[in-house]
Amino acid sequence: EAGVAQSPRYKIIEKRQSVAFWCNPISGHATLYWYQQILGQGPKLLIQFQNNGVVDDSQLPKDRFSAERLKGVDSTLKIQPAKLEDSAVYLCASTTKVYEQYFGPGTRLTVT
Amino acid sequence: QKEVEQNSGPLSVPEGAIASLNCTYSDRGSQSFFWYRQYSGKSPELIMFIYSNGDKEDGRFTAQLNKASQYVSLLIRDSQPSDSATYLCAVHSGGGADGLTFGKGTHLIIQP
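Not measured: the values here are computed from a predicted model. (Residues numbered from 1 in each chain as written. Chains lettered and ligands numbered in written order. Predicted model: local features only at pLDDT ≥ 70, side-chain atom pairs only at ≥ 80, totals over all residues. Heavy atoms only, no water.)

A. Representation of the overall build of chain A in the model. Across its full length, chain A holds zero helices and eleven strands. Scaling as 2.2 N^0.38, a compact globule of 112 residues should have a C-alpha radius of gyration of about 13 Å, and chain A matches this with 13 Å. Expressed along its principal axes, the backbone C-alpha trace of chain A runs to roughly 35 × 25 × 25 Å. Burial analysis of chain A (112 residues in total) assigns 45% to the buried set. Here the analysis covers contacts within chain A between residues at least 6 apart in sequence; of these, 51% occur between residues at least 24 apart. Computing the positive centroid from 13 side-chain charges and the negative centroid from 10, chain A places the two 4 Å apart. (Helix = DSSP H or I, 4+ residues; strand = E, 2+ residues; numbered from the N terminus. Rg over C-alpha atoms; globule rule 2.2 N^0.38 Å. Buried < 20%, exposed > 50% of the residue type's maximum accessible area, 1.4 Å probe, protein only. Contact = heavy atoms within 4.5 Å. Lys, Arg positive; Asp, Glu negative; His and termini not counted. Charge placed at Lys NZ, Arg CZ, Asp CG, Glu CD.)

B. Focus on the state of the cysteines. Inspection of every chain in the model, using the stated rule, returns two disulfides over all chains. Residue Cys 23 of chain A pairs covalently with Cys 92 of chain A via a disulfide, S to S 1.9 Å. Every disulfide takes its handedness from the sign of the S-S torsion; for Cys 23 of chain A and Cys 92 of chain A that torsion is -65°, giving left-handed. Remark: Cys 92 of chain A occurs in strand 9 (residues 88-95) and Cys 23 of chain A occurs in strand 3 (residues 19-24); sequence separation between them is 69 residues. With respect to class, Cys 23 of chain A is no different from Cys 92 of chain A; both count as buried. At a sulfur-sulfur separation of 2.1 Å, the disulfide partner of Cys 23 of chain B is Cys 89 of chain B. Every disulfide takes its handedness from the sign of the S-S torsion; for Cys 23 of chain B and Cys 89 of chain B that torsion is -70°, giving left-handed. Here the residue Cys 23 of chain B occupies a position in strand 3 (residues 19-25), and Cys 89 of chain B occupies one in strand 9 (residues 85-92), the gap between them amounting to 66 residues. Accessibility expressed as a relative area gives 1% for Cys 23 of chain B, which makes it buried. We classify Cys 89 of chain B as buried; its relative accessible area is 0%. (Disulfide = S-S within 2.5 Å.)

Have a look at this one:
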């Protein structure tokens, strides 16, 4: 079974630029999550999708972050404009059961 | 605000000894509890989950849950150098929004 795929793996941008991350979950997984992991901290949930609907986006900074999951499969997370404090690893996870969240390799974002 | 607290460490344990990792959580309504292992530069991988008071064993790992004390622990028996990693405690509060709340993690070092 293929795992969660994410791209790009690394991205360096200047502040105020925009960036987008892509995630392809494990086939058949209806639930998809985006987490932000700042160095030295645990992952923080940004948004949860169930199929193509948003279940929880309470911690998503909506003035600059947006996410979508068209057709209930792939998802993209966008930041516009980026700030220095957005430097982090962005992790995508998918699951059919809450106790089996599978994480992708992550995208490491550096904002300069 | 739901909080999960862990001692960041580092926790240094000699090879072959028992490593004991601890976690407390603030939301008394939390229902499920998870331990993830994260190697440097890698994404978290699930080790164990527990949702009933008491102990749950899986190979060299034992998770312990005390809901009255809002306390979760992970014991690693016969510690190996390959167990050196950051261990993340995560909590699920139940309901439809089932993203996890993570602690900052404990950095474990197994000394050969």
